[in-house]
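Structural characterization, general
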Amino acid sequence: MPVSDWYLRTKRRLFPKGVRRWGTRQTARVAHRTSERDFARCFESLRIPPGTVVCVHGAMSGFGHLSDGLGSVFSALQAAVPGCTIMMPSFPFSETMLGYLRSEAVFDPRHTPSACGQLSEALRVQPGARRGSHPTHACVAIGPRARDLIDGTESCPTPFGEDSSYGRFSRIAGARLLLLCTNSTSHVHRLQELANWPNLFLPDTLPARTRDVDGEIRTWQVQVHRPLLPLFVALPGNGDRPVYLWLPDYATLFPNSRERAVLARLGPGSASDMLSVRQAEWLRTGVMRTAACGPGEVMAIDLQPWQARLCQDLRRSLEQWPDAYTLVALEDANRRGLLR
């Protein structure tokens with residue numbers, strides 16, 4: 001047995017996964033900490049104007065131990081951006097929309113936990129937070145424009161349509177996306193709807209159930225996202241055939257470790273050049289701003305110019321490689337391990 005294999009097996013036997021996780025958390029408490037003051041300084045450096053509507057997505061493990069708790073993210077943002085409205089996804093599932101609907105679950109906006117991460121759940125339980133009643137893609141918001149973003153979105157037939165929370169957010173001048181150690185933002189699904197993305201939905205609608213404020217169950221017919229396949233964009237490869245890239249990576253090369261991994265996988269060529277040049281332009285013009293925060297990274301995106309450019313680029317990809325977006329091509333690429 002190679003020495004490396006023996007070492008790993010011994011380590012796992014002596015330090016089971018639960019023990020290792022505990023050790024990682026204790027190390028973070030000492031060596032990797034982020035305080036409310038750290039977040040406040042970071043958000044101030046991003047120069048987000050007062051009163052801005054901000055949609056937040058976060059992978060909070062990147063900040064190590066939050067010495068002032070998850071709520072410190074919101075209080076720091078409210079202090080740095082007076083009068084802001086904060087919105088987050090608060091969906092009741094973490095896997096696929098199809099799997100959730102097949103479970104015949106009943107969504108209760110008042111009691112069903114958010115499955116979109118600990119930060120989203122922390123916002124849901126904040127005093128004054130408003131959560132939507134859309135049966136599959138409810139959002140939660142707090143601040144002066146929360147009602148505008150949340151109320152009446154439950155009847156939107158598509159998850160990211162015009163009258164969804166994301167549809168309303170997408171039309172607000174000066175709105176910002178705030179990414180905390182992640183580029184995984186639900187707003188990419190709004191871009192797909194804006195760009196008329198092929199094969200985005202399954203052919204048939206399905207019933208989705210919500211419990212209203214009177215305790216009655218209401219049923220809505222919703223269009224259902226096709227799992228996995230539509231989340232990839234065709235880019236120029238080394239030959240005539242394109243390569244596929246996960247849509248959030250296509251939209252935003254962030255954080256730095258993710259940017260390096262994506263560009264290394266694409267290798268030298270027109271695809272990586274295009275992504276790098278576009279990202280550099282956004283950073284130069286202020287469409288994107290980044291800042292360090294404790295051990296983590298934060299990016300603020302000026303939504304309107306970013307969204308407009310991406311929709312333009314996505315439509316160009318659809319025109320250039322229509323055959324790459326057929327179900328047959330996507331299913332073949334998935335079987336060959338090209339969708340990653």
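The paragraphs below set out a description of the structure included in this document. (Residues numbered from 1 in each chain as written. Predicted model: local features only at pLDDT ≥ 70, side-chain atom pairs only at ≥ 80, totals over all residues. Heavy atoms only, no water.)

Scanning the chain for helices and strands turns up 14 helices and 14 strands. For the chain, the C-alpha radius of gyration of 21 Å lies close to 20 Å, the compact-globule estimate for 340 residues. Of all 340 residues assigned to the chain, the portion counted as buried reaches 46%. The long-range fraction of contacts in the chain, counting pairs at least 24 apart against all pairs at least 6 apart in sequence, stands at 67%. Summed over all atoms, the accessible surface of the chain reaches about 16,400 Å², with 51% contributed by carbon and sulfur. (Helix = DSSP H or I, 4+ residues; strand = E, 2+ residues; numbered from the N terminus. Rg over C-alpha atoms; globule rule 2.2 N^0.38 Å. Buried < 20%, exposed > 50% of the residue type's maximum accessible area, 1.4 Å probe, protein only. Contact = heavy atoms within 4.5 Å. Areas by Shrake-Rupley, 256 points an atom, 1.4 Å probe, with all protein chains shown as cover.)

Let's shift gears to the pattern of salt bridges. Summed over the entire model, instances satisfying the criterion amount to 16 salt bridges. Close ionic contact of R258 with D249 constitutes a salt bridge, the shortest N to O distance being 2.6 Å. A salt bridge links R309 to E281; the shortest N-O distance between them is 3.6 Å. In this pair, R309 is assigned in helix 13 (residues 303–320) and E281 in helix 12 (residues 270–285), connecting sequence segments 28 residues apart. Residue classification places R309 among the partly exposed residues on the basis of a relative accessible area of 23%. Classification of E281 by relative accessible area gives partly exposed; the value is 32%. (Salt bridge = Lys/Arg side-chain N within 4 Å of Asp/Glu carboxyl O.)

Helix 4 (residues 71–80) packs onto helix 3 (residues 36–45) with a crossing angle of 40° between their chain directions and a minimal axis gap of 8 Å. On the basis of the axis angle, helix 3 is oblique to helix 4. Where helix 3 crosses over helix 4, the two elements pack in a sense that is right-handed. For the pair helix 3 and helix 4, the contacting residues are E36, F39, A40, F43 and E44 in the first and S72, V73, S75, A76, L77 and A80 in the second. Classifying every residue of the contact of helix 3 with helix 4 by side-chain character gives seven nonpolar, two polar and two charged. (Axes fitted to C-alpha atoms, helices over the stretch in contact; angles between N-to-C directions. Parallel < 35°, antiparallel > 145°, perpendicular 65-115°, else oblique. Left-handed = near helix turned anticlockwise from the far one by under 90°. Nonpolar A, V, L, I, M, F, W, Y, C, P; charged D, E, K, R; others polar.)

Interaxial distance between helix 12 and helix 13 falls to 12 Å at its minimum, and their mutual angle equals 165°. Relative to helix 13, the element helix 12 lies roughly antiparallel. Crossing hand, helix 12 versus helix 13: right-handed. Residues R278, E281 and W282 of helix 12 touch helix 13, and the partners they reach there are W306, R309, L310 and D313. The residue makeup of the contact of helix 12 with helix 13, split by class, is three nonpolar, no polar and four charged.

Pairing is mixed in the open sheet, where three strands are placed in the order 5-9-10. The open sheet has two edge strands, strand 5 (106–107) and strand 10 (217–222), and neither has a second partner. Sheet topology places strand 5 next to strand 9 (residues 206–211); two bridges connect them, and they run parallel. Following the sheet pairing, F107 is matched in strand 9 by T210. (Pairing = 2+ DSSP bridges.)

So, about the state of the cysteines. Cysteine pairs can be covalently joined through their sulfur atoms, and such a bond is termed a disulfide. The full count for this structure, using the stated rule, is zero disulfides. The thiol sulfur of C55 is not disulfide-bonded, and the nearest other cysteine sulfur, from C139, lies at 6.6 Å. Assessed through its relative accessible area of 0%, C55 is described here as buried. With no disulfide of its own, C84 lies 12 Å from the sulfur of C55, the closest cysteine sulfur. (Disulfide = S-S within 2.5 Å.)

The next subject is the side chain of H134. Secondary-structure assignment places H134 in the loop between strand 6 (130–131) and strand 7 (139–142). Engagement of the side chain of H134 in a polar contact is seen with the backbone oxygen of C156, the distance being 3.1 Å. (Polar contact = N/O pair within 3.5 Å; in protein donor to acceptor, adjacent residues only side chain to side chain.)

This paragraph deals with the sheet that holds strand 14 (residues 296–302). The mixed open sheet is built from seven strands, whose spatial order is 6-7-4-2-8-14-13. Both edges of this open sheet fall to strand 6 and strand 13 (288–293), since each of them pairs with a single strand only. Contacting strand 8 (176–180), strand 13 and strand 14, helix 13 runs over the sheet at an angle of about 80° to strand 14.

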